[in-house]
Each structure stands twice: as C-alpha cells, then as structure tokens.
Amino acid sequence: MSATYNWAYRPGVANKYGITIPAGADNVRPSGFAYVALFGNDTTGNGSRQLPYRTITTAYAACGNATYILGSGVYREGNITLTIGISIIGDGDVILDATLFSWFFRTNANGLAFVYNIKLRGSTALTSGFTTGTVFKDITVDKVYLLGPAGPTPAYNMQVGSNTLTSCVISNASFNVDGWKGIIRQFSNITLYKCDVTFLTDAVGANNYMYACIFSNCNIYFKYTPTFIDYSLFYQCNFKFGGITPTFDKTTFYPSLPTGYTYMSDIATIRAAAITAFGYNNQNFNNCVVANPLFNNPDIGDFTLGFASPAKNLSYFGTYVGARSIAYTIRARAIEAEGDFDFSSNTNINLEDDIITINNKLIDASIDTNCITNGIQRVLKSIPIFGFNADRNGQYIDSIADLGTMTKSPGDTLNVPASFIVEVGAIVYNSTTYQPGARLTTVAGQTTFATTASGLLREILEAPERHTVQLRFGNGGDLIPVGTAVTNGYWYLVESGSITYNSKEYISGQTFKAVDTNAFSGFGTVRLALSTEPFNHFEPGVQPTTNNIGDIATGLPLRGNGDPAYVRGGIGINEFYVNARFLQFRFNIRVSNLKP
C-alpha cells in the first residue's frame, strides 16, 4: 500500500487500542468506520482510506454512529452537535483547535464511546454531556474548559460519570468530576497541571478511583469525602474540603488562591483536613506523596519526567506515574555547552533557552542534536518535537517534498507502488476513470495510464499530513586507544575516566564530535559511537519503528515510519522498534510548509 494511504489504522494491522477494521478495498468505506483527513474532500469523499472526508462535520452528517479515524494535522472545527454514540481516534499527530468556536462537541444519548490519541486546544469549551461508558486514552487538553451536560452555557465543568481516563495530560483547564450515586469514575496515569479540579460526587454508593496521577500547581476541591486515591503525587496544590461549591471564572488558576482554599505541603495534613471536614477516617491518599514531579519542561508542554523524578517509585511498574513515562529531555539552549544541539550543524536556526526559531523564512532550516546515549538500550516510546514559529496545518517540522517536480504523461512509466494525483484532465488507470483532483495508488503490473482529455499525473511523495523528523542510530564500534587519530565528523563516547580533545575535557558518559583528525589524550576509555549511519525519516509523537533489510530484526534499517515508502505491518512485513545504544536526531523546516 502506498504511503499516501498508509494509515496506521487499517485492516490487518495490529494497533495499541485493539481496534479491528473490516477488510475491504481502499476506495470503499469500511462498515462502521469513516476516515477524515486534511487531504480529503467533503464533496467527492466517501469516508474510505483513499477518499476520506475533509471535515469531521461532513463525515458525521453522512455516517452518523461510527468510528471516525482522523489523519494527522489540525482540524479547526467546532460547535459540532453529536446526537448518538461515536468513537474518535487520532491517526498520527491530530489536533482539534476550536479557538474561534464556543465549544468542541456537544453530545447526548450515550455520548462518545472512545476518544483516543487526540490533542484539544484553544481557550474554548468541550461540551461533553457524557453519560455512560466513555473511555479517554492518550488525550492532551490545553486551555480548554471542559463543560458538562448543560450545553454551551458556561458551566465550566466536565461530567465524567461512569467513564475512564487513562494516560491523559490536562493543563490550564477548569472542570468538574461529577456523576450519580453508584457511578464509578476512574482516573489512571493522568497528569494535571495548573488546573482547577472540582470533585462533586456523593460518597454514598459512588467512587472516584484515582491511581498513579500527578496533580501539579492545581486548586482541588472535594465536595464530599474523596475515595480510592492511591499512588498519586501532589505538588504545590491548594485544597478545599466540603462547604459551598466554588464557581470558577476561567481565570482563577494557580498561583491564585481562591477563597476557602489552603496550601497543604504533606499528605498527613491533606488527610487530616479531609477527616475534619467529613467527620470520619476514610481510607484515601494511600501511598501518595507531596513532591516535585520534575517535569522536563512544562512551560512548552513537555510533561515527561526527569530520571530523578520521585514519581518513578509510585507506579506499579516502577518507572512512571502520570501520563508520560520518564524521558531524556532534549534541551534547547542559547549556549551550546548547556544544551543538546550540535551548533555546527545549524542551518538558518536561532536557538534561545527553550525556544527554536527560524531566522530567514525564505530559506529551509535544519539542526542536529548531539549524539545521545541510550546506555541500557531502552525502547524509544516517541520522538520529541519542538514548537517552531511556523504552522503547516499545525505541524511544525517537515523534511520531505509534498509533490514530485515533474508530471507524468500517458505512456510514461509509473513507480509501483506509489501515489499519484490527477493534475488535469481525466485519466484511465487499471480500468478505472479518475477525474482531476482524484488520487490513486499504483499496483503491480499496471505501470502506465491512458487519457482522452490531456490528463496528467503528479506523484505524491509525502504521506498526507504526516510530518517527519530524521533519526540515525547504532550500537557503536570499537574502543579507541589514547593517542589514536579520530575521524572528522564521527561521534565518540567516553566510557570511563576522562580525556582531553581539542583543549576540552570530557568525562565518563559524555559524547563528543570529532572536528578534525587530531588524537585525544588522557586516561579514559573511548568508544566509537556514530560514524556513517544514514538518517531515516520518523514521525514525532509516536513510537518510532523501522522496516529492516531482509525483514529481520538484525537487518539494517531500510526506512522509518515517517518515510513515504514505509509499510505499516501486515502479512510478511514486520515493524521493528528502535532501541539502539546511540541516537542522533535531525529537525528540519521546509519554508514551503510555513503557511497553514
């Protein structure tokens, strides 16, 4: 299958959410499913992988109760009323931006069934009205006020009765956790940052399960006694137990201290305040701590946890608590020695502390990181991305050309498999007629097309709305004796002791890039880390995988999952995880993609 229609969620490809899609042709909508993508068309689309709709609104009007798979990019839609239960799944990096709208979605009946891998943003409201069984997983919410079943009237709450939230990040938001007696609300591995959270559930017959969550810089109110709060971390939080329910005005966020709230610096004080308010010794806040979670860079939305984070000892797995696993942060700094970028690789980039911008918006830009050591060879969970001041449908990094530079005429040989768009005129390919603007995927044995209307094709070189970074990796080479000449451009690791190279000292665990062929001195042990390994294209924000030569784990990486020719799973095609000892990333901006 061509990369143009290389959806992660399609028949025959296993996925982390256990979704099964019925088999069928690329141009036929699977029963119970509908595809939406920014390259789609609301007039000619039918909800298939090859012919997706352009907007969620049109897709829903046509398909009703279905599972909607959204392709990567930013969807600037809002005020959408969904009257029956549906599911929404982000395929790649999917952002719903409703900055210009009053609310995202309003639902009734049974509400949404599943919401997976979606980012919500935009100083607006998510009007839920969820009443039964909604599962939220891998959701990021920022500057969104989560509303309840009252519709667009500013109630500033989210009703989450009988729902499950797992591995979500909610920041700069105000919402209520509400429901009825006998209803269970379950939170696990949730990170909440600078939020106002109100728990309204009556303790009689109703339970809030909060397991392995992080509350940082939050105002937290319990109208009734909290229950089943376990293995969670609190940091710089203000609490209120019982009394009159506060009304938030969407501006009273931490560090503002609302009336009736008290800053509490330890679990014993928090538990004692709950007992005083509700009159009996309930079992809550077990195995919890008050401590700094050590987010890597929350100011730019990076809620990954540093290796020294106390949260790592709270989770059952012993590695993380909250919505993001412990990660090695890539630091952008104005001074090279304080950050993680190789300034010698810089092309048209300006680096400041935690900010990366492009200098000349008429020239393409790129920069490499230093060589990063993954000493115990952990499997990479995702590739970081930086918020460059550019916007290609919300996707800031792009390193592959969108379309081929030359058109194809009737009789010209077409690449197989590949993706093409009909540029002008109608064409006939594989016994099917395609009109201008239509897309097709070439198949084996059909390498030419015909036309009676001066039709031309142009190859699509990039998977639609999928942006990439580049990554190269390897497990290193031989030890290099002291006094040996190094190779210009190669990277080396000091495994033990210390060495001096070009008048600079490097100690154990540090890497350095050779800028000449001079030897190094000292008493350390040095190993070749990266030499001529090629860069491959990968998708940021998702787990990197490769197609390897020979389709075996020991084969050299042929392409990454951001490459146009990458194949996602299926019979006879394997995807291999990246767990190499040495890594180097390359971030690119193409100026042709700076417009929304």
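Note: the structure precedes this text.
The structure displayed is predicted, hence computed values, not measured ones.

Chemist: Where do I start with the packing of aromatic side chains in this structure?
Modeler: Each aromatic ring pair is specified by the distance between its two centres and by the angle formed by the two planes. Under the criterion given, the structure shown has 22 aromatic pairs. Between Phe114 and Tyr116, the aromatic rings sit 5.7 Å apart at their centres with planes inclined by 40 degrees, giving tilted as the arrangement. Given a relative accessible area of 33%, Phe114 falls into the partly exposed group. A relative accessible area of 9% places Tyr116 in the buried class. An aromatic cluster of at least three residues, connected via ring pairs, comprises Phe215, Phe222, Phe234, Phe239, Phe241, Phe278 and Phe285. Just above the ring of Phe535 sits the side chain of Arg586; from NZ or CZ to the centre is 4.0 Å.

Chemist: Quick question: what am I supposed to make of the pairing of strand β4 (residues 87-97) here?
Modeler: Side-chain positions along a regular strand alternate between the two faces of the sheet. Among the 11 residues that make up β4, 11 are buried, leaving the element largely enclosed by the rest of the structure. In this structure, strand β2 (residues 67-75) lies alongside β4, joined through 8 bridges in parallel fashion. Along β4, the bridge assignment pairs Tyr75 with Leu96. Summarising the sheet, β4 and strand β6 (residues 114-116) pair through 3 bridges and their orientation is parallel. Bridge assignment links Ile89 to a residue of β6, and that residue is Tyr116.

Chemist: Honestly, the pairing of strand β19 (residues 238-241) in this entry has me stumped. Any pointers?
Modeler: Burial along β19 is two-sided: Asn238 and Lys240 facing one way and Phe239 and Phe241 facing the other are all buried. Two strands pair when backbone bridges link them, and strand β16 (residues 219-222) and β19 are joined in this way by 4 bridges, in the parallel orientation. From the neighbouring strand, Tyr221 faces β19, where its bridge partner is Lys240. As judged from the 2 bridges shared by β19 and strand β20 (residues 262-263), these two strands associate in the antiparallel manner. Bridge pairing in β20 links Asn238 to Tyr263.

Chemist: How should the environment of Thr442 be read in this particular structure?
Modeler: For Thr442, the location among the structural elements is in the loop between β33 (439-441) and β34 (456-460). Considering only alpha carbons, one finds Thr442 and Pro417, 25 residues apart in sequence, at a separation of 5.1 Å. Aside from chain neighbours lying at most four places away, what touches Thr442 is Leu414, Asn415, Val416, Pro417, Ala418, Phe420 and Tyr429. From its side chain, Thr442 meets the backbone oxygen of Asn415 in a polar contact 2.7 Å long.

Chemist: Hey, could you run me through the side chain of Thr166 in this one?
Modeler: Within the secondary structure, Thr166 is located in strand β10 (residues 164-171). The class for Thr166 is buried, based on a relative accessible area of 17%. Setting aside anything within four residues of it in sequence, one finds Thr166 in contact with Phe136, Lys137, Asp138, Ser188, Asn189 and Ile190.

Chemist: How should I be thinking about helix α2 (residues 267-278) in this particular structure?
Modeler: Quick reminder: α-helices carry 3.6 residues per turn. Residues three or four places apart thus point the same way. With 12 residues, α2 should reach 16 Å at 1.5 Å per residue; the first-to-last C-alpha distance of 17 Å fits that figure. Here α2 has its buried residues at Ile267, Ile270, Ala273, Ala274 and Phe278. Along the long axis of α2, the arc covered by the buried residues comes to 130 degrees, so they all point the same way. Of the exposed residues in α2, the ones pointing more than 90 degrees away from its buried face are Ala268 and Thr276. On its buried side, α2 packs onto β16, β18 (233-235), β19 and β21 (289-290). The opening residue of α2, the one whose side-chain oxygen lies 3.2 Å from the backbone nitrogen of Ala268, is Asp266.

Chemist: Just checking my understanding: could you explain the side chain of Gln470 for this structure?
Modeler: Along the chain, Gln470 falls in strand β35 (residues 469-474). Of the polar contacts made by the side chain of Gln470, one reaches the side chain of Asn588; its length is 3.1 Å.

Chemist: Looking at this structure, how should I read the nonpolar core?
Modeler: Within soluble globular proteins, side chains that are nonpolar generally end up buried alongside one another. Residues Tyr68, Leu70, Phe215, Phe234 and Phe241 are the most contacted members of the largest nonpolar core, which totals 54 residues. Counting residues per element, this core draws most heavily on α2, which supplies 5 residues. Ignoring any residue separated from it by four or fewer positions in sequence, one finds Phe241 in contact with Phe222, Pro226, Met264, Ile270, Ala273, Ala274, Ala277, Phe278 and Phe285. Membership of the second largest hydrophobic core comes to 22 residues, among which are Ile367, Ile383, Phe538 and Phe585.

Chemist: I would appreciate a short explanation of the environment of Gly474 in the present structure.
Modeler: Of note, Gly474 is situated in strand β35. Using a relative accessible area of 12% as the deciding quantity, one classes Gly474 as buried. With 59 residues separating them in the primary sequence, Gly474 and Glu533 have C-alpha atoms 7.2 Å apart. Excluding residues within four positions of it along the chain, Gly474 makes contact with Leu530, Ala580, Arg581 and Phe582.

Chemist: Please explain the layout of surface pockets as it appears in this structure.
Modeler: If you roll a probe as big as a water molecule over the atoms, it shows you where there is empty space left. Counted as a void, the second largest pocket has a volume near 660 Å³. Lining the second largest pocket are 24 residues, and of these Asn370, Trp491, Lys504, Tyr506 and Thr511 sit closest to its centre. Within the residue set of the lining of the second largest pocket, elements represented by two or more residues are β24 (341-347), β28 (372-373), β39 (504-507) and β40 (511-513). The greatest single-element share of the lining of the second largest pocket, amounting to 3 residues, is contributed by β40. Among the residues forming the lining of the second largest pocket, the class breakdown is 9 nonpolar, 8 polar and 7 charged.

Rules of the game
- Residues numbered from 1 in each chain as written.
- Predicted model: local features only at pLDDT ≥ 70, side-chain atom pairs only at ≥ 80, totals over all residues.
- Heavy atoms only, no water.
- Phe/Tyr/Trp six-rings, centres within 6.5 Å; stacked < 30°, edge-to-face > 60°.
- Buried < 20%, exposed > 50% of the residue type's maximum accessible area, 1.4 Å probe, protein only.
- Lys NZ or Arg CZ within 6 Å of the ring centre and 35° of its normal.
- Helix = DSSP H or I, 4+ residues; strand = E, 2+ residues; numbered from the N terminus.
- Pairing = 2+ DSSP bridges.
- Contact = heavy atoms within 4.5 Å.
- Polar contact = N/O pair within 3.5 Å; in protein donor to acceptor, adjacent residues only side chain to side chain.
- Expected span 1.5 Å × (residues − 1).
- Arc of directions from axis to C-beta.
- Core = buried A, V, L, I, M, F, W, Y, C linked by side-chain atoms within 4.5 Å.
- 1 Å grid on protein atoms, 1.4 Å probe; cavity = no way out; pocket = protein on both sides within 12 Å on 5 of 7 lines; lining within 4 Å.
- Points joined across faces, edges and corners; volume = space filled by probe spheres on them.
- Nonpolar A, V, L, I, M, F, W, Y, C, P; charged D, E, K, R; others polar.

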